[in-house]
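Notes for the structure review
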Amino acid sequence: MKLYCIIALSFLFCPGTATAQQEESMTLNLQRAIEIAQENSPEAQAARHTYRAAYWNYRFFQANYLPSVTLTSSPTLNREINKITQPDGTNQFIKQDQLSTDLSLKINQNIWFTGGSLFVKSTTQRIDEFEDNLTAYNTQPLVIGYEQRLFGYNSLKWDRRIEPLRYREARKAYAEALELVASETSTLFFNLATAQTNLDIATYNYASADTLYRYAEGRYNIGTITENEMLQLEINKLTEETNRMNAHIEVEDQMQTFRSFLGINREINLRVIPEDSIPQFEVPLQEALQLAFKNSPDPDTYKRRQLESRSALASAKANAGLKADLYVQFGLSQTGNKFADSYRNPMNQQYASIGISLPILDWGRGKGRVRVARSNVDLVDTQAEQGMKDFELNVCKMVRQFNLQAYRVAVAAKTDRTADRRHDVARRLYILGKSTILDLNAAITEKDTARRNYIIALKTYWSLYYGLRSMTGYDFLRKAEISCTVPKL
């Protein structure tokens, strides 16, 4: 009954109500607000874009270990006078008029455990001399080769250890981001609920203060109350009128913030309805820790950083010492004035080369890079160890807080009901002249404070719940691991 009175008084005393009724409105509970936020909010969209980028980076990594097929051609037209060395060693300027064309098909396969590359290719070249009207072909029907950096940094081996971990981290981070969106949604949801509660309280209190003031005028006229008490009632009325105007502004501000977070771009009146009942359950601490280590991206993040530091150390060691590049190829080759002749009776060909580089004097630069990289490994290991300890402590802290919060909500709900009854009693006693205005004001303050504390307790409960879900990747209400919808790629 009291709710209907509040709504009726809101229509009566709130300016612009008729206009607001003509505007589009939406009523939301917490679950529906979270669904909208996880679909449309800028934070959720940013998380999806980040995950898409991680997915395509992983696809790029996988492609490095698959065969690649490349078709290349670089035709060249040369019509100019060039300096040409003659057989006797002299140089002459000779006019050249030729077209050189080539076509090459190459299949390449990276070998991850050695860091080398195995390839098979077939090449055809043609030269047209327009001045003498001559044509020549050179073909390599089949060439098999291998190239390898000896004593060097094997990026393929390290990427094979790091990139799957990075992608797994990205998947967990995406699920965590959606749960953090849910947690932030619950915070903003209850911020608006608090503002709307303050408006309801201010509206009710103003109507009550106005009624008491009008009632007191009659009593004052017959001399049953003092002027001081009359003035106090007038101050109460003016104060509640100010509170009501401030509450209107607070509702508009919180509504605008909530609309922006939900990704709602049109002007729409939001009305949130918090559920009075909450699920009664406790989260087992050991189970929460196991799920957190399994589903949170933090352990993968620290492990990836450790692998990356060791990869940098391996690169520094490889660049500081002996370097050698090996290139070998075996195949068939032939030339001819006609295309068919260049494939008859092909000749064997072999080619091998090795390049060696050994730093003799670098003034300690290579050694310095190795020491820096080794120090960074130790630093990252220390940070990872401390980070995992902090992570475990944060999970334990959140579990303990959540397990206590349901009891706090129950206490806040009982306090709210008791304070409401006390206010009703204090109001009746004051009307009957059996209580003072101070007792009434104290009852009003306790009623308002109890109601606000109850909304805050609900806000804390759901913020802790979704924060715990983001850390553990587990829905304890449904007893199932969280499976976020993978965005369309």
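Residues numbered from 1 in each chain as written. Predicted model: local features only at pLDDT ≥ 70, side-chain atom pairs only at ≥ 80, totals over all residues. Heavy atoms only, no water.

Things to note about the overall build of the protein
Condition: Helix numbering and strand numbering both begin at the N terminus, where a helix is a DSSP run of H or I of at least 4 residues and a strand a DSSP run of E of at least 2. Here the globule rule reads 2.2 Å times residues to the power 0.38, and the radius of gyration is calculated from C-alpha atoms. Contact criterion: two residues are considered in contact whenever any of their non-hydrogen atoms come within 4.5 Å of each other. In this description, accessible areas are obtained by the Shrake-Rupley approach with a 1.4 Å probe, and a residue is regarded as covered only by the protein chains that are shown. Positive charge is attributed to Lys and Arg, negative charge to Asp and Glu, and no charge count is given to His or to the chain ends. By convention, the point assigned to a charge is CZ for Arg, NZ for Lys, CD for Glu and CG for Asp.
The helix and strand inventory of the protein stands at ten helices and eleven strands. A compact globule built from 489 residues would reach a C-alpha radius of gyration of about 23 Å, whereas the protein, at 39 Å, exceeds it by more than 25%. Judged by the C-alpha coordinates and their principal axes, the protein covers about 135 × 50 × 45 Å. By sequence separation, contacts in the protein at least 24 residues apart represent 76% of the contacts at least 6 residues apart. Accessible area of the protein: about 28600 Å², with a carbon and sulfur share of 54%. In the protein, 59 positive and 55 negative side-chain charges are present, and the distance between their average locations comes to 6 Å.

Quick word on the packing of helix 9 (residues 365-431) against helix 10 (residues 437-472)
Heads up, the rule is: For every element, the axis is a line fit to its C-alpha atoms; helices are fit only across the contacting stretch, and the angle between N-to-C directions ranges from 0 to 180 degrees. Oblique is the label for any angle not under 35 degrees, not over 145, and not in the 65 to 115 range, which are roughly parallel, roughly antiparallel and roughly perpendicular in turn. Crossing handedness is read from the near helix: turned anticlockwise from the far helix by less than a right angle, it gives a left-handed crossing, and turned clockwise, a right-handed one. Throughout, the ten residues Ala, Val, Leu, Ile, Met, Phe, Trp, Tyr, Cys and Pro are labelled nonpolar, Asp, Glu, Lys and Arg are labelled charged, and all others, Gly among them, are labelled polar.
Relative orientation of the contacting elements helix 9 and helix 10 amounts to 155 degrees, with a least axis distance of 7 Å. The angle between helix 9 and helix 10 places the two elements in the roughly antiparallel class. Handedness of the crossing formed by helix 9 with helix 10: left-handed. Split into classes, the residues belonging to the contact of helix 9 with helix 10 amount to 26 nonpolar, eight polar and nine charged.

What to know about unusual backbone geometry
In plain terms, the rule: To sort residues, take the accessible area from a 1.4 Å probe on protein chains only and compare it with the maximum for the residue type: under 20% means buried, over 50% means exposed, and anything in between is partly exposed.
Non-glycine residue N345 carries a positive phi angle of around 50 degrees. Secondary-structure assignment places N345 in the loop between strand 8 (323-336) and strand 9 (347-357). Relative accessible area serves as the criterion here: at 67%, N345 is assigned to the exposed category. One non-glycine residue, W363, lies in the positive phi region at around 55 degrees.

Quick look at the packing of aromatic side chains
As a reminder of what qualifies: For this analysis, a ring pair means two rings from Phe, Tyr or Trp (six-membered ring only for Trp) whose centres lie within 6.5 Å, classed as stacked if their planes differ by under 30 degrees, edge-to-face if by over 60, and tilted for the remaining angles.
One pass over the structure, following the stated rule, counts 24 aromatic pairs. Between Y51 and Y167, the ring centres sit 6.2 Å apart and the planes meet at 25 degrees, which makes this aromatic pair stacked. With Y51 in helix 4 (residues 42-63) and Y167 in helix 5 (residues 155-221), the pair connects residues that are 116 residues apart, well separated along the chain. Each of the two residues, Y51 as well as Y167, counts as buried. When the centroid spacing of 5.2 Å and the interplanar angle of 80 degrees are considered together, the rings of F189 and F190 count as edge-to-face. Exposure class is identical for F189 and F190. Each is buried. Pairwise contacts between aromatic rings join Y51, Y55, W56, Y58, F61, Y65, Y167 and Y174 into one cluster.

Comments concerning the environment of S296
Selection rule: We call two N or O atoms a polar contact when they sit within 3.5 Å, provided that within protein one can donate a hydrogen and the other can accept it, with sequence-adjacent residues counted only if both atoms are side-chain atoms.
On the secondary structure map, S296 appears in the loop between helix 7 (285-295) and helix 8 (297-320). With 95 residues separating them along the chain, S296 and F391 place their C-alpha atoms 9.8 Å apart. Beyond its immediate chain neighbours, meaning those up to four positions away, S296 contacts K172, E176, L291, F391 and M471. Looking at S296, its side chain comes within polar contact range of the main-chain nitrogen of D298, at 3.3 Å.

Things to note about the confidence of the model for the protein
Filter applied, for reference: The pLDDT score gives, residue by residue, the confidence of the prediction method on a 0 to 100 scale.
Averaged over all residues, the pLDDT of the protein is 88; the fraction at 70 or higher stands at 93%. Confidence, expressed as mean pLDDT per element, reaches its minimum in the protein at helix 1 (residues 2-13) with 39 and its maximum at strand 2 (residues 68-72) with 96. Counting contacts from residues 1-22, a segment whose pLDDT is below 50, to residues more than four positions away or on other chains yields 20 contacts.

Considerations on helix 8
A turn of α-helix holds 3.6 residues, and therefore any two residues three or four places apart point the same way. Inclusion rule: Expected span of a helix, by definition, is 1.5 Å for each gap between consecutive residues, and there is one gap fewer than residues.
A rise of 1.5 Å per residue sets the reference length of helix 8, with its 24 residues, at 34 Å; its end C-alpha atoms lie 35 Å apart and thus fit the reference within 8%. Considered for burial, the residues of helix 8 that qualify are P297, P299, D300, Y302, R304, L307, S309, S311, L313, A316 and A318.

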